[in-house]
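What the coordinates show
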Amino acid sequence: MKQHIADLISAALKTLSENGIFSADVQPDIMVENTRDKSHGDFASNVALTLAKPARRNPRELAQLITEALPISSTLEKTEIAGPGFINFFVTQESTTAVIEQIIAQKDQFGRGLAGSNERTQVEFVSANPTGPLHVGHGRGAAYGAAVADLLEAAGVPVEREYYVNDAGRQMNILATSVWLRYLEQFDTAITFPSNGYKGDYILDIAASVADAHGDLYNRSLDDVMRDIPADEPQGGDKDSHIDALTERAQELLSAEGYAIFFNAALDSILSDIRDDLSEFGITYQKWFSELSLNTNGDVDSAINILQEKGYLFEEEGNLWFRSTDFGDDKDRVVRRANGLTTYFASDIAYLKNKFERGFEKVLYIWGADHHGYIARMKAACQALGYDPERLLVRLVQFAILYRGEERVQMSTRSGSFVTLRELREEVGKDACRFFYVTRKADQHMDFDLELAKTESKDNPIYYIQYAHARVCSIHRKLAEHSWTWDCDAGLAHLNRLDTEYEKDLITQLSKYPEILTNAAVNYEPHLLANYLKELANDFHSYYNANKMLIDDAELRNARITLSEATRQILNNGLTLLGVNSPEQM
RNA sequence: GUGCCCAUAGCUCAACUGGAUAGAGCAACGCCCUUCUAAGGCGUAGGUUGUAGGUUCGAUUCCUACUGGGCGCACCA
């Protein structure tokens, strides 16, 4: 409809420029927007305001000329000129109610595929280190990333979801060593557990499973383990050198195969836990990408070589540096240390290159807000590799602070009192979690109130929306009790009977769905859809209270039920995109 | 110290990406169940959009400087 009106304006402008009102080289963007106030009609355009200067005319006078030059259209009831020179368009009832027919016909396909882009896009999100279970901080990134990916797909953009598994590096060695030390404890070895080790209960479980499978094969004496190991921090030493010495000792005493057993037991167990967790959260990935694979297949070396050949690398004090400052970064970055090990950033560069080589037109990274300092160096790497930095997109997700009513839920990794995503899901349910996480703009801090998420009343937006859906379903059940059936065709044939204010408002709201979906998708802002669904539910509840559906007048009854059914369909479509269920009964 | 993000009703947040009188929900107050689920609806009240400038027909939105908060600034992952 917007496009149709824009076309009409465009035709009018053409007429005016042919008549010499303004020169033909003036080509304005024709903006048609939804009106905020019903008295302003259904749509409004500001063309007269933007054209006033080049046409050297008073905007209201120009608006008058434009409306007079508009081609005749059966969809327009009338136009008005208002305010400083807005043109307000009033649309006929038939063209407004047509949206109901489209929704009924297209069902879950309604509003999809309008992004106008078929650029293959990769969305990489969560990508938490596989060193422990996901916590609530990861939950927001998960819900946001999944919603963005699903929205893009719905808008017609080809999408792949990917999880980058950080299965290389020091933290993984500390993890494997932690499991081994817990394993040793199974044989009554009195180890003082390193302060920097992973202390979670899940480590004990993994250690026990290794003991079940391999018995005491990897048991070593306390003397062998601790010989010449520097003191830990509580004993007046340094926690980092202590744990690093222990990880080296583990590899010495266990041989490659033995060490790999602990390493893989930890990785497999934790990763499958993360996978299950996300799956229960309604999130699945097309690919789980191993960081380690970048090292073993030579991608890291080849990425470094490319930068070397292009002359962006230099050596200093034995380290190999990438001159990222050439591309706007704050400081240069090490890619290979003097000890020969490549840095985490080197893997990131190789991974980026790998993504583009797989043919993605755009790569979207979703990071916690604390990672914003990485954007500049990644953009720099992108440019240095020879790719347009516009193709690399980063969206930051702020932390969610948990509240239980007024009380802030204290979380601290150090004390191990962090809340896991699984615990959150078990407490408030998947639907409330998924919805709450995406109701706020991603770059806004948000308060997540556990009590509110569990409330079963209109205070809780997710119940409010789901209840609207259930209410429509309930009407169908009640219909049977009156021995009536819903005649959709009869309903569609009498949409002109839908003339109350509530009905008009609801229909107008329904007609906005396609552009809300598209906007939410292309701007990576799922909160737009979440808020829209709240408004739609609100319009439906108002309607439901004011106008009765189960009435003797068959024409009106069928028309109203058809409108309700269209509303149910949109609620269902929208909730599905956000990963939320649409219950038929509350 | 320096860079990025944020600041809107008492509280939690919106505002179609520069449009008309800045909107919802909580909390407060007043109504509506012999009628399809009151798990709901209707209404009242609540604002100098952090401060000061600037850009223009028009600014919550863009620019600059302040104020206050969050985060980053490793040869860590």
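Bear in mind the structure is a predicted one, so any value in this text is a computation, not a measurement.

**Quick look at the overall build of chain A**
When you go through chain A residue by residue, the secondary structure sums to 22 helices and 15 strands. Over its C-alpha atoms, taken along the principal directions, chain A stretches across nearly 95 × 65 × 40 Å. Per-residue burial over chain A gives 48% buried out of 586 residues. Taking all contacts inside chain A whose residues are at least 6 apart in sequence as the whole, residues at least 24 apart take part in 71%. Accessible area of chain A: about 27000 Å², with a carbon and sulfur share of 45%.

**Some points on the packing of helix H14 (residues 421-428) against helix H15 (residues 430-438)**
Between H14 and H15, the least distance of the axes is 7 Å, while the angle of their chain directions is 115 degrees. With respect to their mutual orientation, H14 and H15 come out roughly perpendicular. Of the residues in H15, those touching H14 at Leu421, Leu424, Arg425 and Val428 are Lys430, Ala432, Cys433 and Tyr437.

**Quick notes on the pattern of salt bridges**
Throughout the structure, instances matching the rule amount to 30 salt bridges. Between lysine 78 and glutamate 80 there is a salt bridge, with the nearest N and O atoms lying 3.2 Å from each other. Residue class for lysine 78 comes out partly exposed when judged on its relative accessible area of 41%. Three or more residues are tied together by salt bridges with common partners; here these are Lys38, Glu501, Lys504 and Asp505.

**Focus on the sheet that holds strand S8 (residues 313-316)**
Pairing within the open sheet is antiparallel, and its three strands lie in the order S8-S9-S10. Either end of the sheet is taken by a strand with one partner, and the two such strands are S8 and strand S10 (333-336). Strand-to-strand, the axes of this sheet are offset by a mean angle of 45 degrees, without reference to chain direction. Pairing geometry for strand S9 (residues 319-322) and S10, over three bridges, is antiparallel.

**What to know about unusual backbone geometry**
A positive phi is found at valine 126, a non-glycine position, where the angle reads about 70 degrees. By secondary structure assignment, the location of valine 126 is in the loop between strand S5 (121-124) and helix H5 (136-154). For valine 126, a relative accessible area of 15% translates into the label buried. One non-glycine residue, aspartate 228, lies in positive phi territory at about 60 degrees.

**Let's talk about the sheet that holds strand S11 (residues 362-368)**
If you walk across this open sheet you meet the five strands as S7-S6-S5-S11-S12, and the pairing is parallel. At either margin of the open sheet sits one strand with a lone partner, and together these are strand S7 (287-290) and strand S12 (392-397). Taken pair by pair, the neighbouring strands of this sheet meet at an average axis angle of 25 degrees, ignoring direction. Inspection of the sheet shows strand S6 (residues 159-165) paired to S7 by four bridges, in the parallel sense. In the sheet register, tyrosine 163 faces S7, and the bridge partner there is tryptophan 288. The strands touched by H5 within the sheet are S5, S6, S11 and S12, with S6 carrying the most contacts at an inclination of about 155 degrees.

**Some thoughts on the UniProt feature "domain: DALR anticodon binding" (unreviewed entry) in chain A**
The feature "domain: DALR anticodon binding" (unreviewed entry), as annotated in UniProt, sits at residues 465-586 in this numbering. Between the C-alpha atoms that bound residues 465-586 the distance is 11 Å, and the span itself is 72% helix and 0% strand.

**Focus: the pairing of strand S13 (residues 400-404)**
Remember that side chains alternate between the two faces of the sheet whenever the strand is regular. Summarising the sheet, S13 and strand S15 (residues 446-449) pair through four bridges and their orientation is parallel. Within S15, the position partnered with alanine 400 by the bridge is methionine 446.

**Observations regarding the protein's contact with RNA strand B**
Looking at RNA strand B, there are 63 residues lining it, with Arg337, Tyr374, Lys458, Tyr467 and Tyr544 nearest. Those elements giving two or more residues to the surface near RNA strand B turn out to be strand S1 (32-34), helix H2 (47-55), strand S4 (86-91), helix H6 (170-185), S15, helix H17 (461-481) and helix H21 (527-546). Split into classes, the residues belonging to the surface near RNA strand B amount to 17 nonpolar, 26 polar and 20 charged.

**Focus: the nonpolar core**
Considering soluble globular proteins, one finds that nonpolar side chains tend to be buried as a cluster. One finds Trp180, Leu424 and Tyr437 to be the most contacted residues of the largest nonpolar core, which totals 125 residues. When residues in this core are grouped by element, the largest group, 15 residues, is from helix H9 (residues 239-280). Those residues in contact with tyrosine 437 that sit more than four places away from it in its chain are Val136, Gly139, Arg140, Ala143, Phe281, Ala400, Leu421, Leu424, Met446 and Phe448. Ile304, Leu313, Phe322 and Phe345 belong to the second-largest nonpolar core, a separate cluster that totals 31 residues.

**As for the packing of helix H19 (residues 501-511) against helix H22 (residues 554-577)**
Viewed as axis vectors pointing N to C, H19 and H22 meet at an angle of 35 degrees, and their least axial separation amounts to 11 Å. Seen from above, H19 lies across H22 with left-handed handedness. Mapping the contact onto sequence places Glu503, Leu506, Ile507 and Leu510 in H19 and Arg560, Leu563, Ala566, Thr567 and Ile570 in H22. Considering only residue class, the contact of H19 with H22 consists of six nonpolar, one polar and two charged.

**A short note on the packing of aromatic side chains**
Tallying each qualifying case throughout the model produces 23 aromatic pairs. Each ring, one from tyrosine 163 and one from tyrosine 285, has its centre 5.5 Å from the other, and the planes form 85 degrees; the classification is edge-to-face. Taken as a pair, tyrosine 163 in strand S6 and tyrosine 285 in the loop between H9 and S7 lie far apart in primary sequence, 122 residues in all. As far as the burial class goes, tyrosine 163 and tyrosine 285 line up, both buried. Taken together, Phe125, Tyr163, Tyr285 and Trp288 form an aromatic cluster joined through their ring pairs. A cation over an aromatic ring shows up here: arginine 120 above the ring of phenylalanine 360, its NZ or CZ 4.4 Å from the ring centre. The side chain of lysine 355 reaches across the aromatic face of tyrosine 365, ending 3.7 Å from its centre.

Conventions adopted
Residues numbered from 1 in each chain as written. Chains lettered and ligands numbered in written order. Predicted model: local features only at pLDDT ≥ 70, side-chain atom pairs only at ≥ 80, totals over all residues. Heavy atoms only, no water. Helix = DSSP H or I, 4+ residues; strand = E, 2+ residues; numbered from the N terminus. Buried < 20%, exposed > 50% of the residue type's maximum accessible area, 1.4 Å probe, protein only. Contact = heavy atoms within 4.5 Å. Areas by Shrake-Rupley, 256 points an atom, 1.4 Å probe, with all protein chains shown as cover. Axes fitted to C-alpha atoms, helices over the stretch in contact; angles between N-to-C directions. Parallel < 35°, antiparallel > 145°, perpendicular 65-115°, else oblique. Salt bridge = Lys/Arg side-chain N within 4 Å of Asp/Glu carboxyl O. Pairing = 2+ DSSP bridges. UniProt positions renumbered as here; feature names shortened; annotations may be inferred. Near = heavy atom within 4 Å. Nonpolar A, V, L, I, M, F, W, Y, C, P; charged D, E, K, R; others polar. Core = buried A, V, L, I, M, F, W, Y, C linked by side-chain atoms within 4.5 Å. Left-handed = near helix turned anticlockwise from the far one by under 90°. Phe/Tyr/Trp six-rings, centres within 6.5 Å; stacked < 30°, edge-to-face > 60°. Lys NZ or Arg CZ within 6 Å of the ring centre and 35° of its normal.

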